[in-house]
Amino acid sequence: MNWSVGIDIGGTFTDIVAVGVNGEFRHAKTLTTSPDPLSGLRNAVASVGLTESEVRTLIHGTTMVTNTLVEGQLARVALITTEGFRDVLQIARASRDHLYRLDLPPRMAPVVPRELTFGVKERVGARGEVLCVLEDAEIRRAAEWVRRVAPDAVAICLLHAYANTDHEIALADGLRDILGDACPFLSVSSNVSPEAREYERTMTTVLNAAVMPRASSYLDRLTASLPESVDLRLFHSAGGMASPAVLRSLPLSLGLSGPAAGASATANVCSTLGISRGLAFDMGGTTTDVCLVSEGSAEISSDCRLGGRPVRQPMVAIESVGAGGGSLVGFGPGGLSVGPRSAGSMPGPACYGLGGTQPTVTDALAVLGYLDPKRVLGGTIRIDPGLAREALAPIAGQLNYSIERTALGIIDVANAVMSRALRRVTVRRGIDIRETALVAFGGGGPMLAVALARQLDIGKIIVPAFSAGFSAYGCVVAPPLITRQKTVRLETSAWDAARFAAEREILIGEARNMLLASGVLPDTITLEEVALVRYVGQSTSVPLRIDDVEAADIDLLGARFRETHHRIYGYATDEPFLVESLRVAASAPSDATPGMTRKAGASAPGAAIPCAPPLPSGSLLCCFDSDGFVATRCYDRAQLPVDAIVSGPAIIQDEWSTTILPAGSRAHRDAMGHLHIEVRT
């Protein structure tokens, strides 16, 4: 019972990192072959030589909620709202998902059909004033309607409930009292998303209800399958972990569980290496996920999309694209395409020899010679370049290209898809991408990192230790964390300092209490507060970290806002502004030993000391461009001396991942096991 274990179950692979009390690390990667993720979890624990009874803390990242949304396996939800507002999901934002495709539906069908929507007579104003009292008779009428339609879950979203929660709480309590054991799962907007913007708040509350039954069943089975001595935590979308007890009522917060763990691990490494701005670049088997990390923290956004639908909750600001190693390659009227469909783990890419015949990005990499057919990846997979060539041959014939040229084209298309995602989290937010460091991980990230960095004019790349299972590492080192956000809408022209202080105390209390429910000791909790500020009339807010001094001085807060607004948008004015929302993050230290600290006497991170060149472990013929195949030295990552420089063209291999160094780039390994790559030398 001395191990902290992080497990990330992805669409293609399950990653595990285990940390012992003495700082010992074990890590492994297994194929996600079982339809039952709990079986995959047990297999992962066994793959690092542990039994469940030896595990003290298990932190689990899961794609269960994301898959539920993407696959449309949603529960039957009934929506109770304010009378006269039953059509909020049908009206949506009155915009089209595909502006120029008139042959497609204007938007996705509503999650809740109109016949499963019920209006109660009540009304709260935008400032929280009660305009129409919710009578007990209305609560009984709603309960009888719920009994009649018999949904799997109920979403309660009353008008302006973010400003006054009384009616929603009374309605939820009344349904539980009247229906008793027959009461379905309840999702209440003032708990799920106490925010303005009626459509987004309603959609978030409904989606939370739609995944509740499946998530609750999963948590029940997961808890029952583990010994009582195991402290189970789940990684959530805001970049931390919490107990199942806390997440049962907020299962939608597991929507970006796995990718958020990778972003959290990137923040940990950037802090250790003194990198002020890093780009998490996680290329897995099914998707590529990217996120900006600034000053040791992953960027948080309140406006995300899951399964193509808007979600208004604090989540790590991740951009996901369907361009992973297993992404299927197609050819149509528009030319080559990559993703979003994936070969998954079974049958997987053709070169795995598991029965797959359709071409994937991994097959293109195998054709180019980057994957050593003599190595057995993770002790289970041997690469067959011949099968990869067979898979690519039909597309090469359609293009009238050689198979090698086709493979280079596939990599170019994949890089173009991924570069757009990286620009969305930097350039579109006013960040100079050239001043960031690319932190490449996942099974495919280190392979395409240099080519992608050159395309974006990024000069430095970090391939962290445990790069193939980096999201699992993020689960281990992430802190217990609860993030709560609430709309307050306080204008400077009528500033109410007492109300601002009261709203802060409410949020702080909510976050602290939820963290305490996860088993955290009170004296270990630290708080971080963010005010989301905008000019009156603007639609986009600027996040500002605040402390007690700034919270008490509106002039100081205003100066910070104008300075930040000018930095992001290039201008600032003295016009009135308002605090749109408040966000509080309550956290506690992780109880796992990070294990990636610099040893005494080691060189400073990123500063290689010239020493004897390392000895290659072999050689491969690799194709980097139209010049054809060249002899390329191969190095075993684990055997690289600290600070020894490897110059491209070269390939650095470990058990589960490959780092490609084209000509003109070079790399060295630091004392913590990270690879530092200079893109151009």
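An account of the accompanying structure is given in this report.

Conventions adopted
Residues numbered from 1 in each chain as written. Predicted model: local features only at pLDDT ≥ 70, side-chain atom pairs only at ≥ 80, totals over all residues. Heavy atoms only, no water. Helix = DSSP H or I, 4+ residues; strand = E, 2+ residues; numbered from the N terminus. Buried < 20%, exposed > 50% of the residue type's maximum accessible area, 1.4 Å probe, protein only. Contact = heavy atoms within 4.5 Å. Areas by Shrake-Rupley, 256 points an atom, 1.4 Å probe, with all protein chains shown as cover. Lys, Arg positive; Asp, Glu negative; His and termini not counted. Charge placed at Lys NZ, Arg CZ, Asp CG, Glu CD. Salt bridge = Lys/Arg side-chain N within 4 Å of Asp/Glu carboxyl O. 1 Å grid on protein atoms, 1.4 Å probe; cavity = no way out; pocket = protein on both sides within 12 Å on 5 of 7 lines; lining within 4 Å. Points joined across faces, edges and corners; volume = space filled by probe spheres on them. Pairing = 2+ DSSP bridges. Right-handed = clockwise from strand over helix to strand, strands pointing away. Axes fitted to C-alpha atoms, helices over the stretch in contact; angles between N-to-C directions. Parallel < 35°, antiparallel > 145°, perpendicular 65-115°, else oblique. Nonpolar A, V, L, I, M, F, W, Y, C, P; charged D, E, K, R; others polar. Core = buried A, V, L, I, M, F, W, Y, C linked by side-chain atoms within 4.5 Å.

## Here's the deal with the overall build of the protein
- Looking only at helices and strands, the protein features 17 helices and 37 strands.
- In terms of overall dimensions, the protein has C-alpha extents of about 80 × 55 × 50 Å along its principal axes.
- The 681 residues of the protein split such that 56% are buried.
- Long-range pairs, those at least 24 residues apart, make up 67% of the contacts in the protein between residues at least 6 apart in sequence.
- If you sum the accessible surface of the protein, you get close to 27,200 Å²; carbon and sulfur atoms cover 52% of it.
- Here the protein holds 62 positive side-chain charges and 71 negative ones, and the gap between their average locations is 4 Å.

## What about the pattern of salt bridges?
- Counted under the stated rule, the structure contains 27 salt bridges.
- The salt bridge involving Glu 510 is made with Arg 484; its shortest N-O contact spans 3.2 Å. Here Arg 484 lies in strand E27 (residues 481-491) and Glu 510 lies in helix H15 (residues 497-517), a separation of 26 residues in the sequence.
- A relative accessible area of 7% means that Arg 484 is categorised as buried.
- Across the salt bridge formed by Glu 503 and Arg 499, the nearest N and O atoms sit 3.6 Å from each other. With Glu 503 and Arg 499 both in helix H15 and four residues apart, this pair spans about one turn of that helix.
- By relative accessible area, Glu 503 is classed as buried at 10%.

## Remarks on empty space enclosed by the protein
- A full pass over the atoms with the stated rule returns four cavities of 30 Å³ or more.
- In this model, the largest cavity occupies a volume close to 240 Å³.

## Considering the pairing of strand E9 (residues 153-157)
- Burial runs high along E9: five of the five residues are buried.
- Where strand E5 (residues 77-82) and E9 come together, five bridges link them in parallel fashion. Looking across to E9, one finds that Ile 80 is bridged to Ile 156.
- Crossover handedness for the path E9 to helix H5 (residues 166-179) to strand E10 (residues 185-188): right-handed.

## Side note on the packing of helix H11 (residues 385-399) against helix H12 (residues 403-424)
- Interhelical geometry of H11 versus H12 gives an angle of 90° and a closest axis separation of 9 Å. By the angle class used here, H11 and H12 are roughly perpendicular. Residues Arg 389, Leu 392, Ala 393, Ile 395, Ala 396 and Leu 399 of H11 touch H12, and the partners they reach there are Ile 403, Glu 404, Thr 406, Ala 407 and Ile 410.
- Taken together, the residues of the contact of H11 with H12 sort by class into eight nonpolar, one polar and two charged.

## Some thoughts on the nonpolar core
- Among the nonpolar cores identified, the biggest contains 103 residues, and Ile 7, Ile 80, Leu 171 and Leu 175 are the most heavily contacted of them.
- When residues in this core are grouped by element, the largest group, 11 residues, is from helix H7 (residues 198-225).
- Once you skip the residues sitting within four places of it in the chain, Ile 80 turns out to touch Phe 118, Val 120, Ala 142, Trp 145, Val 146, Val 154, Ala 155, Ile 156, Cys 157, Leu 158, Leu 171 and Leu 175.
- Of all hydrophobic cores here, the second largest spans 71 residues; its members include Phe 13, Met 283, Val 646 and Ile 652.

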